[in-house]
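# Per-entry structural report
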Amino acid sequence: MDPEVSVMLHCAPSRGLEEHQIRVEMSTRFNRRSAPEVEKHIEAVWKDRVTREPWLFNGAKFRLHSAELSTSIPSTSTNCVAGDEAAQTSNSEMAERENQLAAHEGEEASITPVLTSSANRDTTKETSRDANTISLRKPSEYPEVVLCLQLGLTCYKDFLGTNWSQEAVSLQRRGEVEFGDPQALLAQPLGVGAVLVTSDGQVVLLRRSQRVAEAAGLLDIPGGHPEPKAVCQGVSEEAINVDLMQGCEKAVVAELFSSVCAEVRDEVNVPLSFLSAPVLMGIALNHTSAGRPSAEFYIRCSLTMEEVKDFYWRGGPEAHESTDIVFLSRGEMLQLDESASLWSELCPSAKGAVLLYQLVRPDGV
C-alpha cells in the first residue's frame, strides 16, 4: 500500500451513499484537544506564515472525529469496510464471498453491529476483523445504509500548526499517550473531493499549479472543504461555534454535498446544471498531512470530455489553482495502481479517490 494514503471507510456493496443517508452529530466533544504549549506552537506557526503570506486568513472548518455506519442486513455479512486493508480486497476474494453469501440466501436478516471508523485512532486492528465480511449483493437488494459523522469545529490556523506542522508526529505520539488517541491534538479538517465522470466515460483530473502551497505540479481531483460559514450565515468566522449549529444538522449535511459540486464549478468551470447529485464513496486519509480526512464523492457530468475541456479553458473562479486538465477512462481508473508511472504524478487526495472508486465502483463498471 502507498504510505501516503489509506482508506478509512468505504461502502462498496451500496455503491455509495446519497445525501438522505447521511446524519451528522455536532458536539464540542469532537473538537481538537488543547494544551498550552500546543496552542503556543500554533500561534507561532501562524504568525510566521502570515508574515510571509499576508493574504492568508483563518477560516473555520469542520473537524472529523469519527464515522459510524449502521444497517439491517444478513447476519453473514456487513456492508462496509473501514481501514487500510479494505483497499487490498482482491476480485477472487470478492467472488468467493459472493458464493458464500448465496449459500446463506435463505437465512433471516439481523441487525449488524454498528461499524465505527475513527479519524482519531489507528483502525488497523478493526480492519483485520471487518475486512473479511464484505457482502456483494446487488445494491437494489440492500436495506438502506445510514452513515453518521461525528463532527466538531477547527480552523485553518490550527491545521497549519498541527497536521501540516513539522511537529505533527510528536503531537500524534503525545495524543496517544495522554488521550489514547493519536489525532486528539490535531485539527483534522474534513475535506471533500470529486471523481467527476463525463458523459463519454472520462474521469477529470487537474494539474495543480506550481504556485499552490500543497502538492504543487501534481494531478488532483476537484476538491476543497465544506464551510461552516455556509451554515452560520451572517456570523463572523471568529464567532462560529458548535452551539450555533445545534438543530442545523441537515444544513451541515447539505453543505457537505453542495460544497463538492461548488468546487467542481469553481475549479473546472462546469455549471452546476450539468452535474448529477453527488454520491459519497467513502473517506480517505492523507498521511502526508498526518492523516487528514477527505470525503470522496462520485459525480456524473452530462457534458462530453471535449465540452468539459472547453469550459475549463474559458477559466473559472479558481482557474489559478491548476494549469491543465487531464482525462482518464474509467477502465484506466480501475487499473491504476502503484506500478503505473502515472501513480507518482497523483497527489494523495487523488490517490485516495482512485482507491475508493476502485472499491465502490459507483457507476457499476
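Structure: see above.
Predicted, not measured: the structure shown is a model, and the values here were computed from it.

The rules behind the values
- Residues numbered from 1 in each chain as written.
- Predicted model: local features only at pLDDT ≥ 70, side-chain atom pairs only at ≥ 80, totals over all residues.
- Heavy atoms only, no water.
- Salt bridge = Lys/Arg side-chain N within 4 Å of Asp/Glu carboxyl O.
- Buried < 20%, exposed > 50% of the residue type's maximum accessible area, 1.4 Å probe, protein only.
- Helix = DSSP H or I, 4+ residues; strand = E, 2+ residues; numbered from the N terminus.
- Pairing = 2+ DSSP bridges.
- Expected span 1.5 Å × (residues − 1).
- Arc of directions from axis to C-beta.
- Contact = heavy atoms within 4.5 Å.

What follows deals with the pattern of salt bridges. If you walk through the whole model with that rule in mind, you get 20 salt bridges. Its salt-bridge partner being Glu-53, residue Arg-52 comes within 3.9 Å of it at the nearest N-O pair. Taking the relative accessible area as the measure of exposure, Glu-53 reaches 17% and is therefore buried. In this structure, Arg-265 and Asp-266 form a salt bridge, with 2.9 Å as the shortest nitrogen-oxygen distance. Put simply, Asp-48, Arg-49, Arg-52 and Glu-53 are held in one network by salt bridges that share partners.

Right, let's talk about the pairing of strand β8 (residues 146-155) for a bit. Among the 10 residues that make up β8, 9 are buried, leaving the element largely enclosed by the rest of the structure. As defined by bridge partners, strand β2 (residues 22-26) adjoins β8 across 5 bridges and the pair is classed as parallel. Considered in β8, the bridge of Met-26 is made with Leu-151. Pairing analysis gives 10 bridges linking strand β3 (residues 60-70) to β8, with the strands arranged antiparallel. Across the sheet, residue Glu-68 finds its bridge partner in β8, namely Cys-148.

In this model helix α1 (residues 36-52) runs 25 Å from its N-terminal to its C-terminal C-alpha over 17 residues, within 8% of the 24 Å that 1.5 Å per residue would give. Of the positions making up α1, those classed as buried are Val-38, Ile-42, Val-45, Trp-46 and Arg-49. Buried residues in α1, looked at end-on, bunch into an arc of 100°, giving them a common side. Among the exposed residues of α1, those pointing more than 90 degrees away from its buried face are Pro-36, Lys-40, Lys-47 and Thr-51.

What follows is about the environment of Thr-304. Looking at the secondary structure, you find Thr-304 in the loop between β14 (292-300) and α8 (305-314). Residue class for Thr-304 comes out partly exposed when judged on its relative accessible area of 27%. Through-space distance from the C-alpha of Thr-304 to that of Asp-200 is 5.5 Å; in sequence the pair is 104 residues apart. Ignoring anything within four residues of it in the chain, the contact list for Thr-304 reads Thr-198, Ser-199 and Asp-200.

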